[in-house]
Structure formats: C-alpha cells, structure tokens
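This is what each chain is made of:
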Amino acid sequence: MRTRALLAGAAAAVLLAGCGGYADTAVPAPDGAAAPSLPDPAAPQSCGDPTRSFAPDGSVSELRSDAMDQLRNRDRLVVGVSADSYLLGSNNPFTGQIEGFDIDLAEAVADAIWNDDQDHVQLRVITAADRIPLLEDNEVDIVARNMTINCERWD
C-alpha cells in the first residue's frame, strides 16, 4: 500500500513538473538590441470597427466593372477554402464533396454575380498560411475560410 502511494506521488510529481512556466526560457535579442514588442490585444483599434460590414443591397454593381467583366467572361469564381474545418469547409466522406458554411457562402457570392442556376464555383483547397498570399497574387478570387478580422486585414 505504501509503495503504491509512493509511485502515485512520484507520477504526480513528474506530470506536474511539465506544467512549469516558460518565463526563464526567453532568448535575449542579439547584440543587445531591444526585443520586438507585440501589439496589446486590449488596446483599442485605430481603424474604427474592424467587424463592420458592407450592407448588402442585392447587387454587385458597385464593384469594379472590369473585375466583374473578367469574372463573367471566365465563367467561374475561384474560391480558396478549407477541406478540414468541420461544418465550415470539410470533405464529406460519403459524397467526396467539400461542403459546409464557407462553401454555401461561396455559392451565394457566385449566385449574386451570375444570377443564374449554373455552378460557377471552382473550389481550391488552401492552407491558413496561403489565404492572404493567394489573394494578393490573384490566384484565387475570394477566400471563404475562417479568418480573424483585424484592422490590417480590413484595409
């Protein structure tokens, strides 16, 4: 009985030893340079309300006409999506199709652009790290994938 109690105590000590903090593991900045400071997440945003949204009016006429013409001529909307975010964008093992809220959103955007019953959505599975670079390089038209909203991304 005493051996069992000692073993349990030793196991608890080993497990709790892994719960220590990391404050002592910080690596100093090279050559005495000041370490970069992280933005304070509690600080107010300077861009106004980064969660604001454009009020939908049922049309896309206010968008750049040259971009809309290119999309309509190409007859497809290339959408960057996730295939492993359950209920947002995930591969259904029974149908082999990617489905979820993000996919439904992409289809709603395409329906607003073409205003017909045809399928104009081309899904492209992307990683979280690829979201912004693929948009900036015009490799996808839109990204329908979970993303935190902040002032930099809003701009």
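The model shown is predicted, which means the values in this text are computed figures rather than measured ones.

S.K.: Would you mind showing me how to read unusual backbone geometry here?
M.R.: Across the chain, the bulk of peptide bonds are trans and the bulk of non-glycine residues have phi less than zero. One non-glycine residue, Leu87, lies in the positive phi region at around 75 degrees. Position of Leu87 among the secondary structure elements: in the loop between strand S2 (84–85) and strand S3 (89–91).

S.K.: What is the right way to look at a negative patch on the surface in this model?
M.R.: Together, Glu99, Asp104, Glu107, Asp111, Asp117 and Asp119 make up a region of like negative charge exposed at the surface. For the negative patch, the element with the most residues is helix H3 (residues 101–114), which contributes three residues. With respect to the helices and strands, Asp119 occurs in the loop between H3 and strand S5 (121–125).

S.K.: I would appreciate a short explanation of H3 in the present structure.
M.R.: The terminal C-alpha atoms of H3 lie 20 Å apart, and with 14 residues this matches the ideal 20 Å at 1.5 Å per residue to within 8%. For H3, the set of buried residues is Asp102, Ile103, Ala106, Ala110, Ile113 and Trp114. All buried residues of H3 project into a common sector of 100 degrees when viewed along the axis, lining one side. In the core, the buried residues of H3 are packed alongside helix H2 (65–74), strand S1 (77–81), S3, strand S4 (98–99), S5 and strand S6 (142–144). Immediately beyond the C-terminal end of H3, within one or two residues, lies Asn115, with a positive phi of roughly 55 degrees.

S.K.: Help me understand the side chain of Ser82 in this model?
M.R.: Tracing the backbone shows Ser82 in the loop between S1 and S2. By relative accessible area, which is 1% here, Ser82 ends up buried. A distance of 2.7 Å separates polar atoms of two side chains, one belonging to Ser82 and the other to Asp84. Once you skip the residues sitting within four places of it in the chain, Ser82 turns out to touch Gly89, Ser90, Ile98, Ile126 and Arg145.

S.K.: Would you take a moment to explain the sheet that holds S4 for this structure?
M.R.: Sheet strands line up and pair through hydrogen bonds in the backbone, either parallel or antiparallel. Strand order in the open sheet formed by three strands is S2-S3-S4, with antiparallel pairing between adjacent strands. In this open sheet, the two edge strands, each paired with only one partner strand, are S2 and S4. Relative to S3, S2 runs antiparallel, the two being bridged by two bridges. Pairing of Ser85 across the sheet is with Gly89, part of S3.

S.K.: Explain the sheet that holds S5 to me, please; I cannot follow it from the model alone.
M.R.: The sheet built from three strands is open, its strands ordered S5-S1-S6 with parallel pairing. Two strands close off the open sheet at either side, each with one partner strand: S5 and S6. Across the sheet, the mean angle from the axis of one strand to that of its neighbour is 35 degrees, orientation sign disregarded. In this structure, S1 lies alongside S6, joined through three bridges in parallel fashion. Each residue of the ladder has a partner; that of Val81, found in S6, is Ala144.

S.K.: Got a minute to help me understand the nonpolar core in this structure?
M.R.: For soluble globular proteins, nonpolar side chains are generally found buried alongside one another. Judged by nonpolar contacts, the single largest core of 13 residues is most densely connected at Leu71, Leu77, Val79, Ile113 and Trp114. Elements that contribute at least two residues to this core include exactly H2, S1 and H3. No other element matches H3, which puts five residues into this core. With residues near it in sequence (within four places) discarded, Trp114 still touches Leu71, Arg72, Asp75, Arg76, Leu77 and His120.

Rules of the game
- Residues numbered from 1 in each chain as written.
- Predicted model: local features only at pLDDT ≥ 70, side-chain atom pairs only at ≥ 80, totals over all residues.
- Heavy atoms only, no water.
- Helix = DSSP H or I, 4+ residues; strand = E, 2+ residues; numbered from the N terminus.
- Patch = residues over 30% accessible without salt bridge, like charges linked within 9 Å, V, L, I, M, F, W, Y side chains within 5 Å.
- Areas by Shrake-Rupley, 256 points an atom, 1.4 Å probe, with all protein chains shown as cover.
- Salt bridge = Lys/Arg side-chain N within 4 Å of Asp/Glu carboxyl O.
- Lys, Arg positive; Asp, Glu negative; His and termini not counted.
- Charge placed at Lys NZ, Arg CZ, Asp CG, Glu CD.
- Expected span 1.5 Å × (residues − 1).
- Buried < 20%, exposed > 50% of the residue type's maximum accessible area, 1.4 Å probe, protein only.
- Arc of directions from axis to C-beta.
- Contact = heavy atoms within 4.5 Å.
- Polar contact = N/O pair within 3.5 Å; in protein donor to acceptor, adjacent residues only side chain to side chain.
- Pairing = 2+ DSSP bridges.
- Axes fitted to C-alpha atoms, helices over the stretch in contact; angles between N-to-C directions.
- Core = buried A, V, L, I, M, F, W, Y, C linked by side-chain atoms within 4.5 Å.

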